[in-house]
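# Report on the structure
What follows is the residue order along each chain.
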Amino acid sequence: MLALAGCGGASASAPSTPSPTPDRAVQVSATFGDGQGTAITYDPELVPVGSRGAVSAETGDDGTTVTLAVRGLLPDRQYGAHAHTEPCGATGADAGPHFQNEVDPVQPSVDPAYANPQNEIWLDLTTDASGAGSATAEVEWGFEEDRRAKSVIIHAMGTATGPGEAGKAGSRPACITVDF
């Protein structure tokens, strides 16, 4: 977004548009626990204590690729997962809303024009018979230096896409803090 400001007859130059982070790679791998830490479970029936999660993200000229891998979750079950605006906290709600490249002016965002896998990082997955699964999201944008996602929330169900429900994926049974 470009903002212009002026005062009286003086001319003002436009501030530079924030640029995406230059090539950057991050990787987090952690065991889910029920207290503080990098990976927190809020619902051990859906994401058991001791299960594992890993997130890797790479940003470059062509955009951003994020991968989520889990093991030890419930077998043969679908989970939603998304990048969120805040780090994990005492509750799943502490992670804030989904990170959006172009932020929906109406929150919570359920408009498919904003809540979609091109504007957000969606990592829905289905675990196999051993409770392992993974998903990769690729978007054509990068995180700006001063505005980036800070966690990945694992949701209780797959992500809805219809008007008025887009982006909804149920409760927040677990969270992984990631320094995107």
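What comes next is a walk through the structure. Remember, it's a predicted structure, so these values are computed and weren't measured experimentally.

## Overview of the pattern of salt bridges
One pass over the structure, following the stated rule, counts two salt bridges. The partner of Arg 24 in a salt bridge is Asp 179, with the nearest N and O atoms 3.4 Å apart. With Arg 24 in strand E1 (residues 24–31) and Asp 179 in the segment after strand E9 (174–177), the pair connects residues that are 155 residues apart, well separated along the chain. Residue classification places Arg 24 among the partly exposed residues on the basis of a relative accessible area of 27%. The shortest N-O distance in the salt bridge between Glu 145 and Arg 148 comes to 3.5 Å. The class for Arg 148 is buried, based on a relative accessible area of 13%.

## Digging into the sheet that holds strand E7 (residues 133–139)
Ordered by their spatial adjacency, four strands build an open sheet running E1-E3-E4-E7, and the pairing between neighbours is antiparallel. With one partner strand each, in any of the chains shown, E1 and E7 form the two edges of the open sheet. Averaged over neighbouring strand pairs, the angle between their axes works out to 5 degrees when direction is ignored. As paired elements, E1 and strand E3 (residues 52–60) share eight bridges and run antiparallel to each other. The residue bridging Gln 27 from the neighbouring strand is Ser 56, located in E3.

## Considerations on the layout of surface pockets
Each pocket or cavity is described by its volume, and for the largest pocket that value is around 250 Å³. If you go around the largest pocket, you meet 17 residues; those closest to its centre are His 98, Pro 108, Ser 109, Gly 167 and Arg 172. Taken together, the residues of the lining of the largest pocket break down into five nonpolar, nine polar and three charged.

## Notes on the side chain of Ser 109
Its place among the elements puts Ser 109 in the loop between strand E5 (78–84) and strand E6 (125–126). Assessed through its relative accessible area of 14%, Ser 109 is described here as buried. Looking at Ser 109, its side chain comes within polar contact range of the side chain of Gln 100, at 2.9 Å. Among the polar contacts listed, one links the side chain of Ser 109 to the side chain of Asp 104, at a separation of 2.8 Å. With residues near it in sequence (within four places) discarded, Ser 109 still touches Gln 100, Asp 104, Tyr 114, Ala 115 and Ala 166.

So, how was this worked out
Residues numbered from 1 in each chain as written. Predicted model: local features only at pLDDT ≥ 70, side-chain atom pairs only at ≥ 80, totals over all residues. Heavy atoms only, no water. Salt bridge = Lys/Arg side-chain N within 4 Å of Asp/Glu carboxyl O. Helix = DSSP H or I, 4+ residues; strand = E, 2+ residues; numbered from the N terminus. Buried < 20%, exposed > 50% of the residue type's maximum accessible area, 1.4 Å probe, protein only. Pairing = 2+ DSSP bridges. Axes fitted to C-alpha atoms, helices over the stretch in contact; angles between N-to-C directions. 1 Å grid on protein atoms, 1.4 Å probe; cavity = no way out; pocket = protein on both sides within 12 Å on 5 of 7 lines; lining within 4 Å. Points joined across faces, edges and corners; volume = space filled by probe spheres on them. Nonpolar A, V, L, I, M, F, W, Y, C, P; charged D, E, K, R; others polar. Polar contact = N/O pair within 3.5 Å; in protein donor to acceptor, adjacent residues only side chain to side chain. Contact = heavy atoms within 4.5 Å.

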